[in-house]
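Tertiary structure, described
Residues per chain, in single letters:
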Amino acid sequence: KSHVNAGPATKHAFRKCKGGRISKPFIKVEDRSRHYRPIYLTMPKMPEINVKTAPPYSPFCLEDKDTPVTKQRPHRGVKASVSEEKIHGRKKNRDKKRGGFCECCMMKYNQLSAHLQGDCHKAFSKTDEYAVVDRLASALHCDFLQFPTKVKRRKCSVS
Amino acid sequence: RSDGAHMKVSKDVQMDIEHLCKAVPQLAKVFNILDKIGEGTFSSVYLGEALMRDGRKELFALKHLIPTSHPTRIAAELQCLTVAGGRENVMGVRFCFRKDDHVVIVMPYMEHQPLVEVIGSLSFAEVRLYIYHLLKALRHIHQFGIIHRDIKPNNFLYNRRSRVYALVDFGLAQGTADSQIELLKVVRPRALQKGGGSASQRSRAPPKSVPKSTSTSLPVAPQQTAALPPSSSSVSSSASQRPPVKKARLPTSCLHTARSKDLGGLRKTPRPVFGERNLNSCAPTPSATTPDGGKAEDTLSWRGSMSRASGRAPGASQKPAKGVQPGLTCDCFLTDRVCNVCMSRKQQVAPRAGTPGFRAPEVLTKCPDQGTAIDVWSAGVILLSLLSGRYPFFKAGDDLTALAQIMTVRGSRETIRAAKTFGKAVVCSQGLPPQDLRTLCETLRGRRRTSTGEDVPPALACQNRSPDGGSTRGPADSAEPTLQNQESWSSVKPALEAEEEEQGWDRVPDEAYHLLDRLLDLNPNSRISAAEALQHPLFKDL
Ligand SMILES: Nc1ncnc2c1ncn2[C@@H]1O[C@H](COP(=O)(O)OP(=O)(O)O)[C@@H](O)[C@H]1O
Ligand SMILES: [Mg+2]
Ligand SMILES: [Mg+2]
Ligand SMILES: [Zn+2]
Ligand SMILES: [Zn+2]
């Protein structure tokens, strides 16, 4: 239910920030150089240490979705909860589909396995970019049996 | 499988194991893969058994990195393990397999218990040892100029019975300016520091004693030094709140060839690595929820950072609203307002890999200049957890909520004052007093009465939890515990107290809270270092 505004966070912050007073309670952070966009957050309420929460759980449990939202929704924070739903939805979705960002291809993907099969990624996987890994790996020696080649299935026969 | 010890694994796990063996066929020649023991955003960890030359069977942890990791990042993780690992409570590495984009790091297997499972039953003596050993690991890696960036219990393996400890997971590590880890070395180009104005160049005191030639197990020619992709960049206040920015800084088609060339060229000379300040606004961030209730986040923008070398981040260049000059000052500074002028400036970029609840204030506020002190803060959060019996302690989905929670513990004025020292202007709409750490921890442990004069019944509080596992009692209704609860609480209380006493929780020395206070110093410049913390009176007999 936190409404992250500005900065980093939400797209709509860019679109609709007309400026003005930040509704309370809030936190605002700005670089003292004043060269960067401030970041700020309006919260439904300031976090509180809630000693009533059950150990070993966080005393800030109330900050989470567990809270009955209805009771605490602030007058103006309606939009906030909407954006949070979106966030949660997106999160779940991503976990399920294993979407993410490929550092090799410098691109976002929606489905991990599909991305790894793609031409772009496959091409990368054959490049010598991996030499840096191999160089480090080659300094390691191990005494696993049948390493590096040799035996095939002897492990099963050992008592 | 020949071995009966590791009975049934689920179908899913079996399939994962098969996939892994198909992807890296060498593995199957050496290992009997028994189970999957860890699954995160950036890797899956398996338990494998191998037969050694001397006839013994040995267990290993096989960390299969997500194939979307950049090879330079993988290599950096491996180098941290090879150079600094294998001693001082830092996990070592035994081998590394690769086939194409699939890399598997083989480490000795260490049996361990998740902290969340044992936190409720740890004695104070165990807590003291735990934190001592964590600090030892930190001192060690900090001496090498490694900033771990993701210090949290899941990455510090703990075997309670055998009292063995191991720091793992250098997947998000960054180097200090004078890092001994070649692949973590960052040369910061001056050009990129522009606009960093206040971003105080004050550098943290370099590690007190740097073991000079200990890092030689890997002869890495300086000219081969590759650039580590900025291991932690994101400008979003919570990576999960924003999809990766689409704006392609390069054509979206496959560019490996071209890029390889570029990098090849760049690698010949120690090249600037845009590790910090240039991390970018265009960085998308994978993130996922980890079992310990925190998500590790990280992003990379290799290309983003490269393009940034020649100017501004592509992301940033698109943001500023038309017609407003980015550098203009306005009247909003330190007020409860924002305006078109300040909101149209570019976003500041600073490393923020890690997990929100463990991030130091300087990370949360995007201080571009971060050092080993960030790991010390995280260790402080862990000690706070251990002393209060609460894990995770902070629970926040975004950086500013995490900062607000820190303020509730350390005080808003104190936080604001500290932030000023590292170049940040913080405004909080409400004054939050700092807590006395002992009172706080003892209260949360249920050893003290709350301010309203009631006991906090730890065991019973659990019964009040809603079926969905959430804690449902808000401050309003919790002020009136039911009669029933009060009765049952008073009857179990003496037993609980006796148990607590046995565990030493009735006589936690002041030194413990003093150390906690020093680890959770809001100001990174005065925060105690891991090396200094090991000299703390709390550990005088160790
Ligand atoms: N050497 C090891 N021995 C036993 N378990 C390990 C070992 N290394 C990692 N693990 C388990 O796997 C989990 C994930 O490993 P980690 O290196 O932290 O990967 P990630 O980068 O995905 O978080 C750890 O939290 C731990 O439970
Ligand atoms: Mg980890
Ligand atoms: Mg990791
Ligand atoms: Zn890819
Ligand atoms: Zn303004």
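Overview of the structure. (Residues numbered from 1 in each chain as written. Chains lettered and ligands numbered in written order. Predicted model: local features only at pLDDT ≥ 70, side-chain atom pairs only at ≥ 80, totals over all residues. Heavy atoms only, no water.)

What follows deals with the coordination of the magnesium ion (ligand 2). All names here are of chain B. At 2.1 Å from the magnesium ion (ligand 2) lie its protein donor atoms, namely Asn155 (OD1) and Asp169 (OD). Between the magnesium ion (ligand 2) and the magnesium ion (ligand 3), a spacing of 4.2 Å is present, and a bridge between the two is formed by aspartate 169. In this pair, asparagine 155 is assigned in the loop between strand S6 (146-147) and strand S7 (156-159) and aspartate 169 in the loop between strand S8 (164-167) and strand S9 (174-175), connecting sequence segments 14 residues apart. Residue class for aspartate 169 comes out partly exposed when judged on its relative accessible area of 23%. (Donors = N, O, S within 2.8 Å, 3.2 Å for Na, K, Ca; no water. Helix = DSSP H or I, 4+ residues; strand = E, 2+ residues; numbered from the N terminus. Buried < 20%, exposed > 50% of the residue type's maximum accessible area, 1.4 Å probe, protein only.)

Residues and elements named next belong to chain B. In the neighbourhood of ligand 1, 18 residues make up the surrounding shell, with Ser43, Lys63, Asn154, Asn155 and Asp169 lying closest. In this structure, serine 43 approaches ligand 1 through a side-chain N or O atom, which is 2.5 Å from an oxygen atom. The contact in question runs from an oxygen atom of ligand 1 to an N or O atom on the backbone of asparagine 154, over 2.8 Å. Relative to its unbound accessible area of 550 Å², ligand 1 is 88% covered by the protein chains. When contributions to the shell around ligand 1 are tallied by element, the ones reaching two or more residues are strand S1 (31-39), strand S2 (43-51), strand S3 (57-65) and strand S5 (102-108). Of the residues in the shell around ligand 1, the class split is ten nonpolar, six polar and two charged. (Near = heavy atom within 4 Å. Polar contact = N/O pair within 3.5 Å; in protein donor to acceptor, adjacent residues only side chain to side chain. Areas by Shrake-Rupley, 256 points an atom, 1.4 Å probe, with all protein chains shown as cover. Nonpolar A, V, L, I, M, F, W, Y, C, P; charged D, E, K, R; others polar.)

It is worth spelling out the sheet that holds S2(B) at this point. Residue and element names in this part refer to chain B. As summarised here, the arrangement of the five strands in space is S1-S2-S3-S5-S4, forming an open sheet in which the pairing is antiparallel. This sheet does not close on itself; its edge strands, each paired only once, are S1 and strand S4 (95-99). On average, each strand axis in the sheet is inclined to that of its neighbour by 25 degrees, with strand direction left out of account. One ladder, built from five bridges, connects S3 with S5; its direction is antiparallel. Directly across from lysine 63, in S5, lies its bridge partner isoleucine 105. Where helix H1 (residues 11-23) meets the sheet, it contacts S1, S2, S3, S4 and S5, and its direction lies at approximately 115 degrees from that of S1. Packing of helix H3 (residues 71-84) onto the sheet brings it into contact with S3, S4 and S5, and relative to S5 it is tilted by some 15 degrees. (Pairing = 2+ DSSP bridges. Axes fitted to C-alpha atoms, helices over the stretch in contact; angles between N-to-C directions. Contact = heavy atoms within 4.5 Å.)

With that settled, the discussion passes to empty space enclosed by the protein. All names here are of chain B. Overall, the coordinates contain eight cavities of 30 Å³ or more when judged by the stated rule. Computed from the structure, the largest cavity encloses a volume of approximately 90 Å³. What lines the largest cavity is a set of 13 residues, and nearest its centre among them are Arg149, Ala353, Phe358, Arg359 and Ser378. In terms of residues, the lining of the largest cavity owes the most to one element, helix H12 (residues 373-388), which gives three residues. Considered class by class, the residues forming the lining of the largest cavity number six nonpolar, three polar and four charged. (1 Å grid on protein atoms, 1.4 Å probe; cavity = no way out; pocket = protein on both sides within 12 Å on 5 of 7 lines; lining within 4 Å. Points joined across faces, edges and corners; volume = space filled by probe spheres on them.)

Moving on to the packing of aromatic side chains. This structure, assessed with the given rule, holds 17 aromatic pairs over all chains. With 5.1 Å between their ring centres and 85 degrees between their planes, Phe144(A) and Phe60(B) make a pair best called edge-to-face. Of the two residues, Phe144(A) sits in the segment after helix H6 (131-137) while Phe60(B) sits in strand S3, which places them in two different chains. Like Phe144(A), the residue Phe60(B) is buried in the burial classification. Relative to Phe60(B), the ring of Phe31(B) lies with its centre 5.6 Å away and its plane at 70 degrees, an arrangement referred to as edge-to-face. Note that Phe31(B) is positioned in strand S1 and Phe60(B) in strand S3, a separation of 29 residues in sequence. A single burial state applies to Phe31(B) and to Phe60(B), both of which are buried. (Phe/Tyr/Trp six-rings, centres within 6.5 Å; stacked < 30°, edge-to-face > 60°.)

Moving on, we come to unusual backbone geometry. A cis amide bond, omega -5 degrees, links Lys24(A) with the succeeding residue Pro25(A). Inspection of the secondary structure assignment puts Pro25(A) in the loop between strand S2 (20-21) and strand S3 (26-31). With omega at 5 degrees, the peptide bond leading from Pro55(A) into Pro56(A) counts as cis. Structurally, Pro56(A) can be placed in the loop between strand S4 (39-42) and helix H2 (69-72). Its identity as a non-glycine residue notwithstanding, Met106(A) has a phi of 55 degrees, on the positive side. On the secondary structure map, Met106(A) appears in the loop between strand S5 (100-102) and strand S6 (107-109). The phi torsion at Arg149(B) lies on the positive side, around 75 degrees, for a residue other than glycine. For Arg149(B), a relative accessible area of 5% gives the class buried.

The next subject is the pattern of salt bridges. Applying the stated criterion to the full structure yields 30 salt bridges over all chains. In this structure, Arg73(B) engages Glu103(A) in a salt bridge whose closest nitrogen and oxygen atoms are separated by 2.8 Å. Residue Arg73(B) is found in helix H3, and its partner Glu103(A) is found in the loop between S5 and S6; the two belong to separate chains. The class of Arg73(B) is buried, set by a relative accessible area of 8%. (Salt bridge = Lys/Arg side-chain N within 4 Å of Asp/Glu carboxyl O.)

Grouped together as the largest cluster of nonpolar side chains are 148 residues, with contacts concentrated most on Ile27(A), Phe144(A), Phe31(B), Phe97(B) and Ile146(B). With eleven residues, the top contributor of residues to this core is helix H5 (residues 124-143) of chain B. Residues in contact with Ile27(A), not counting those within four places in the same chain, are Ile39(A), Tyr40(A), Leu41(A), Met43(A), Met46(A), Leu400(B), Leu403(B), Ala404(B), Met407(B), Val427(B) and Cys428(B). Among the nonpolar cores identified, the runner-up in size contains ten residues, and Ile22(A), Phe26(A), Tyr40(A) and Met343(B) belong to it. (Core = buried A, V, L, I, M, F, W, Y, C linked by side-chain atoms within 4.5 Å.)

So, on to the pairing of S7(B). Residues and elements named next belong to chain B. With burial as the criterion, each face of S7 is covered, one bearing Phe156 and Tyr158 and the other bearing Leu157 and Asn159. Of the strand pairs in this sheet, S7 and S8 are connected by four bridges, and their pairing is antiparallel. Looking at the pairing, asparagine 159 lines up with valine 164 of S8. Once S7 ends, the chain turns through four residues before running back antiparallel as S8, passing arginine 163 with a positive phi of about 55 degrees.

Turning our attention to the packing of H12(B) against helix H15 (residues 437-445) of chain B. Residues and elements named next belong to chain B. Direction vectors running N to C along H12 and H15 enclose 50 degrees, while the axes themselves pass 8 Å from each other. On the basis of the axis angle, H12 is oblique to H15. Between H12 and H15, the residues in contact are Leu384, Leu386, Leu387 and Ser388 and Leu440, Cys441, Leu444 and Arg445, respectively. Here the residues of the contact of H12 with H15 are counted per class, giving six nonpolar, one polar and one charged. (Parallel < 35°, antiparallel > 145°, perpendicular 65-115°, else oblique.)

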